[in-house]
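The residues making up each chain are set out below.
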Amino acid sequence: MRDGILLGLAVGVSGLAFGAAAVSAGLSVWQTCALSLLAYTGASQFALAGTIAAGGSLLAGSAGAILLGGRNALYSLRLTGLLKVRGPARLLAAQGVTDESTAFALAQPDRAAARAGFRAVFASLYLTWNVATLAGAIGAGRIGSPQSFGLDVVGPAAFLALIWPRLAAGRAERAAAAGGAAIAIAATPFLPPGAPIILAAFAALVVTLASPPPAPGTSAGSAGDGRAAS
Amino acid sequence: MSGAWFAVLATAAGCYGLKLAGLTIPERLLGNRWLRRFAELVPVALLAALVAVQAGAKGSMLVFDPARLAGLAAGVVALMLRAPFLIVIIAAAGTAAVLRLAGIG
């Protein structure tokens, strides 16, 4: 679980960039922190701050941010069988669903490790992201560009490292990844930021329909789907 | 309440609601192997898309940032060498930072 905690720390530091960006866009320090505490989904938060900064309407900013948050519904759909949370714990677990916690949980070899990994990333990233947001919001304009530290590469490098085992798992996974990346790049010039990512789910749909899933009982035994452990 | 607060709270409520929606889907739906397969492949497709967009786009513009791409390439090399997670991140961010320090990208 050490890797999960490190992931949270490494990615959470980019909360500095969000805090600075949101305050520069015109949000107050409190509004900036409320977003990190309550929305807690980096891409959506950046999208809202970016739209406000670019002079877009608040309504368009919120709509785009929520649209971008749509992928978290797909992530939690994937995680629900793995985490098996019930009752009030579900309300808490829901907040923990992010790109990072999903990718990390799915990279684990069995269900117990996936649950522990999810919790480790949630705790570490939530704490780091919010502290970094506050620091970035207060220090906006006083810190150097996050880019000069290569922080803009931390996110994509982390995501790549996390889907790496999935890419090795099978041809369908590689097809879904390649298709998703191609769709997102092709759609980027034509759609508002965030929307191309959602559109990439289409690649998963096509691959699902093109390669029939294994029949019940003939488990593919893919790591992380929890069946292997039960 | 100012418009900005409304936007902040609406965004937070919407994002949380979406996260919760996926966790509260009826169990029997997950028994469907097609839906299950789709739910397995979706994060792979979306995260790959996120990597692609973060590597090659800024807002709605496709951009070519040599430092960023070189950083990611260093990450890929580290992954192929089976380096631990943290080394992959350090290799990627470090390469981008050094190249920018040298005035590239």
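Residues numbered from 1 in each chain as written. Chains lettered and ligands numbered in written order. Predicted model: local features only at pLDDT ≥ 70, side-chain atom pairs only at ≥ 80, totals over all residues. Heavy atoms only, no water.

This part is about the overall build of chain A. Looking only at helices and strands, one finds twelve helices and zero strands in chain A. Mapped in sequence order, the helices and strands of chain A form the string α-α-α-α-α-α-α-α-α-α-α-α. Within chain A, contacts between residues at least 6 apart in sequence are counted, and of these 74% link residues at least 24 apart. Here chain A has roughly 9,300 Å² of accessible surface; of this, 72% comes from carbon and sulfur atoms. (Helix = DSSP H or I, 4+ residues; strand = E, 2+ residues; numbered from the N terminus. Contact = heavy atoms within 4.5 Å. Areas by Shrake-Rupley, 256 points an atom, 1.4 Å probe, with all protein chains shown as cover.)

In total, this model carries one cavity of 30 Å³ or more according to the counting rule given. When its volume is computed, the largest cavity comes out at roughly 40 Å³. Lining the largest cavity are Ala103, Leu106, Leu162, Ile163 and Arg166 of chain A together with Pro43, Val44 and Leu47 of chain B. Elements represented by at least two residues in the lining of the largest cavity include exactly helix H7 (99–106) and helix H9 (151–169) of chain A together with helix H3 (33–56) of chain B. (1 Å grid on protein atoms, 1.4 Å probe; cavity = no way out; pocket = protein on both sides within 12 Å on 5 of 7 lines; lining within 4 Å. Points joined across faces, edges and corners; volume = space filled by probe spheres on them.)

Another point: the interface of chain B and chain A. Contacts between chain B and chain A engage 64 residues on the former and 92 residues on the latter. With both sides pooled, the region where chain B packs onto chain A buries about 7,000 Å², and carbon together with sulfur makes up 76% of that total. The largest contributions to the chain B side of the interface with chain A come from Lys19, Leu23 and Phe85 of chain B, which together make up 12% of the buried area. Where chain B meets chain A, there are one salt bridge. With a closest N to O distance of 3.6 Å, Arg37 of chain B and Glu173 of chain A form a salt bridge. The tally of links from chain B across to chain A stands at ten residue pairs in polar contact (both at pLDDT 80 or more). Only helix H1 (3–23), helix H2 (27–30), H3, strand S2 (61–62), helix H4 (66–80) and helix H5 (85–101) of chain B provide two or more residues apiece to the side of chain B that touches chain A. If you tally residues by element for the side of chain B that touches chain A, the top one is H3 of chain B, at 21 residues. (Buried area = accessible area lost by both parts, 1.4 Å probe. Salt bridge = Lys/Arg side-chain N within 4 Å of Asp/Glu carboxyl O. Polar contact = N/O pair within 3.5 Å; in protein donor to acceptor, adjacent residues only side chain to side chain.)

In this section: the confidence of the model for chain B. Residue and element names in this part refer to chain B. Mean pLDDT over chain B: 88, with 96% of residues reaching 70 or higher. Mean pLDDT values over the elements of chain B span from 69, in H2, up to 95, in H4. Predicted as a complex, the structure gets a pTM of 0.73 and an ipTM equal to 0.84. (pLDDT = per-residue confidence, 0-100.)

Each pocket or cavity is described by its volume, and for the second largest pocket that value is around 360 Å³. As for the second largest pocket, its lining consists of 13 residues, of which Ala161 and Pro165 of chain A together with Leu79, Ala83 and Phe85 of chain B are closest to the centre.

With that settled, consider a nonpolar patch on the surface. Taken together, the side chains of Phe202, Leu205, Val206 and Leu209 of chain A together with Trp34 of chain B define a hydrophobic patch exposed on the protein surface, amounting to about 480 Å² of accessible area. Of all the elements, helix H12 (residues 201–210) of chain A adds the most residues to the nonpolar patch, at four residues. By the element assignment, Val206 of chain A lies in helix H12. (Patch = residues over 30% accessible without salt bridge, like charges linked within 9 Å, V, L, I, M, F, W, Y side chains within 5 Å.)

Let us now look at the packing of aromatic side chains. Centre-to-centre distance and the angle between the planes together describe a pair of aromatic rings. Residues and elements named next belong to chain A. Within the structure shown, the criterion is met by six aromatic pairs over all chains. Relative to Phe122, the ring of Tyr40 has its centre 6.0 Å away and its plane inclined at 35 degrees; by these criteria the two rings are tilted. Of the two residues, Tyr40 sits in the loop between helix H3 (29–39) and helix H4 (42–53) while Phe122 sits in helix H8 (residues 111–138), which places them 82 residues apart along the sequence. Overall, the relative accessible area of 2% leaves Tyr40 in the buried class. Its relative accessible area of 14% is what places Phe122 among the buried residues. Ring geometry for Phe122 versus Tyr126: centroids 5.9 Å apart, planes at 85 degrees, classification edge-to-face. One end of the pair, Phe122, and the other, Tyr126, are both in helix H8, four residues apart, so they sit about a helical turn from each other. Judged by relative accessible area, which is 24%, Tyr126 ranks as partly exposed. Among the aromatic residues, ring-to-ring pairing joins Tyr40, Phe118, Phe122 and Tyr126 into one connected group. (Phe/Tyr/Trp six-rings, centres within 6.5 Å; stacked < 30°, edge-to-face > 60°. Buried < 20%, exposed > 50% of the residue type's maximum accessible area, 1.4 Å probe, protein only.)

Inspection of every chain in the model, using the stated rule, returns six salt bridges over all chains. For Asp65 of chain B, the salt bridge identified is with Arg68 of chain B, shortest N-O distance 3.6 Å. The buried category is assigned to Asp65 of chain B, whose relative accessible area is 10%. The network of salt bridges with shared partners includes Arg166 and Glu173 of chain A together with Arg37 of chain B.

Among the nonpolar cores identified, the biggest contains 83 residues, and Leu7, Leu79 and Phe118 of chain A are the most heavily contacted of them. Considering every element that reaches this core, the biggest residue donor is H3 of chain B, with 13 residues. Beyond its immediate sequence surroundings of up to four residues, Phe118 of chain A is in contact with Leu79, Leu83, Ala93, Gly96, Val97, Ser101 and Ala105 of chain A. (Core = buried A, V, L, I, M, F, W, Y, C linked by side-chain atoms within 4.5 Å.)

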